[in-house]
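An overview of the molecular structure
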Amino acid sequence: MAISSSQTTSSATTASGTNPLVMRIIGFCALAHLINDLIQAVLPAIYPMLKANYNLSFAQIGLITLTFQITASLLQPWVGFFTDKRPTPNLLPLGTLCTLVGIVLLAFVGSFPMILVASALVGIGSSAFHPETSRIARLASGGRFGLAQSTFQVGGNAGSALGPLLAAAIVIPFGQTHVAWFGLAGLFFFGVTLLLRRWYKEHLNQAKARKAVEATHGLSRQRVIGALVVLGLLVFSKYFYMASFTSYFTFYLIEKFDVSVASSQLHLFLFLGAVAAGTFFGGPIGDRFGRKAVIWFSILGVAPFTLALPYADQFWTTILSVVIGFILASAFSAIVVYAQELVPGNVGMIAGIFFGLMFGFGGIGAALLGYVADLRGIEYVYALCSYLPLFGLLAILLPSTGKR
């Protein structure tokens, strides 16, 4: 008990912001997430080039995304479940090496099947990265779980925004082999995860103590399962809609407004930048006003803007895409922390499940939307997806997770 009391006191101190070491570790988690997602973002950013080089259909483009997202999603819950029972600090740098091999391979592949292999390797690296790094961020949070999760997540969103911009500057003008330059980022990524691994190994006892003192909410097993299903449906609506932007927004702009590839990448950067900003603000707001309020606002509140987007001109498409990215992104940190409160003591498994759902629904959405685009046209995709945020009405079914 003395150990738990000491750790609780340490947590309170951290929460007040007086421990710079903990905030430094959260910053490293965010930095690692930035590099991880920057490398991942190179793949969709060079879709137009791959489509032209290999004469790919929209369905094949969707299959590339599906391959990455499925490998990234199916393994993550199992990684989280395993590391909840048996923490494995070495998993972080090993996953980083897998990502590094995948991105370097992408620079030199010469066929569609090998593109799928490279995409799968990057996805496997992602599966090893997200659950463990999310756990480290929570361990370093000092009780401010929303702030830690959103800071960690905003690193990933910032990387996703920078990826297309760097790809437009480095890869698109010079060719596919220049993807190899992102291997330098992968090496730096490996160094950051070694630092996180060292800190994590030193604080495993603190992680066990926190697991033991997690508060319970008094909800029945059936209500917890029902709430998790609702959260899964909300993630489905969010990331199916997001897939329309991350995989096809550049094609939409090129076809509807006849913009250049470089201009379409800039618009995608603006959208992803808004996603990063929305993610950052969502966590602290959830700490202050409650996770449910953020989930309500984010999923359902974005519906008027998504419904208007298919009918907007180029100027308003730019404005609406930024608003949509900001509002829609604020939910994910709140959803993850809310789910971790529903199932205390299973931080890694819950993080793995919801990051897995994020990648899985994104991949399935990209594949299905690519098929729809081939059949009905890219503009029809955005008209169809505009109704997805109405799933936000399901948030009324979420129970309170306060102590009882």
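Right above here is the structure, for reference.
Here's what I pulled together on the structure shown here. (Residues numbered from 1 in each chain as written. Predicted model: local features only at pLDDT ≥ 70, side-chain atom pairs only at ≥ 80, totals over all residues. Heavy atoms only, no water.)

Description of the environment of phenylalanine 305
Stated precisely, the cut-off is as follows: Helix numbering and strand numbering both begin at the N terminus, where a helix is a DSSP run of H or I of at least 4 residues and a strand a DSSP run of E of at least 2. A 1.4 Å probe rolled over the protein chains alone gives each residue an accessible area, and that area as a share of the maximum for its type sets the label: buried under 20%, exposed over 50%, partly exposed in between. Between two residues, a contact is recorded if the distance between any of their heavy atoms is within 4.5 Å.
Here phenylalanine 305 lies in helix H14 (residues 303-308). When its relative accessible area of 30% is taken as the criterion, phenylalanine 305 is described as partly exposed. Between the C-alpha atoms of phenylalanine 305 and glycine 232, which are 73 residues apart in sequence, the distance is 23 Å. Apart from residues lying up to four places away in sequence, phenylalanine 305 is in contact with Leu320, Val323, Ile324 and Ile327.

Side note on the packing of helix H17 (residues 347-376) against helix H18 (residues 378-385)
Heads up, the condition is: Axis lines are fitted to C-alpha atoms, over the contacting stretch for helices. Their N-to-C directions set the angle, which ranges from 0 to 180 degrees. Each angle receives one of four descriptions, namely roughly parallel if under 35 degrees, roughly antiparallel if over 145, roughly perpendicular if within 65 to 115, and oblique otherwise. Two helices cross in a left-handed way if the nearer one is turned anticlockwise from the farther one by less than a right angle. They cross in a right-handed way if the turn is clockwise. Each residue receives one of three labels: charged for Asp, Glu, Lys and Arg, nonpolar for Ala, Val, Leu, Ile, Met, Phe, Trp, Tyr, Cys and Pro, and polar for the others, Gly being one of them.
Relative orientation of the contacting elements H17 and H18 amounts to 125°, with a least axis distance of 7 Å. By the angle class used here, H17 and H18 are oblique. You can see that H17 and H18 cross each other, and the crossing is right-handed. Contact with H17, carried on its side by Leu369, Val372, Ala373 and Arg376, involves Ile378, Tyr380, Val381 and Cys385 of H18 and no other residues of that element. Split into classes, the residues belonging to the contact of H17 with H18 amount to seven nonpolar, no polar and one charged.

What about empty space enclosed by the protein?
Selection criterion: Cavities and pockets were defined on a 1 Å grid built over protein atoms only: a cavity is a set of grid points that admits a 1.4 Å probe from which the probe cannot escape, a pocket is an open set flanked by protein on both sides within 12 Å along at least five of seven lines, and lining residues are those with an atom within 4 Å of any such point. Grid points are joined across faces, edges and corners, and a volume is the space filled by probe spheres set on the points.
Throughout the structure, instances matching the rule amount to two cavities of 30 Å³ or more. Taken as a whole, the largest cavity spans an internal volume of roughly 560 Å³. Along the wall of the largest cavity there are 29 residues; nearest its centre are Gln40, Gln69, Ser160, Thr246 and Phe359. Looking at the lining of the largest cavity, the elements that each hand over two or more residues are helix H2 (20-45), helix H4 (58-74), helix H8 (145-170), helix H11 (221-257), helix H12 (261-289) and H17. Sorting elements by how many residues they give to the lining of the largest cavity places H11 first, with six residues. Of the residues in the lining of the largest cavity, the class split is 16 nonpolar, eleven polar and two charged. What the second largest cavity holds in volume is close to 30 Å³. The wall of the second largest cavity is formed by Ile39, Gln40, Leu43, Ile103, Leu106 and Val122. Counting residues per element, the ones that place at least two in the lining of the second largest cavity are H2 and helix H6 (91-108). When grouped by side-chain class, the residues that make up the lining of the second largest cavity number five nonpolar, one polar and no charged.

Taken by themselves, the reported measurements are silent on function.
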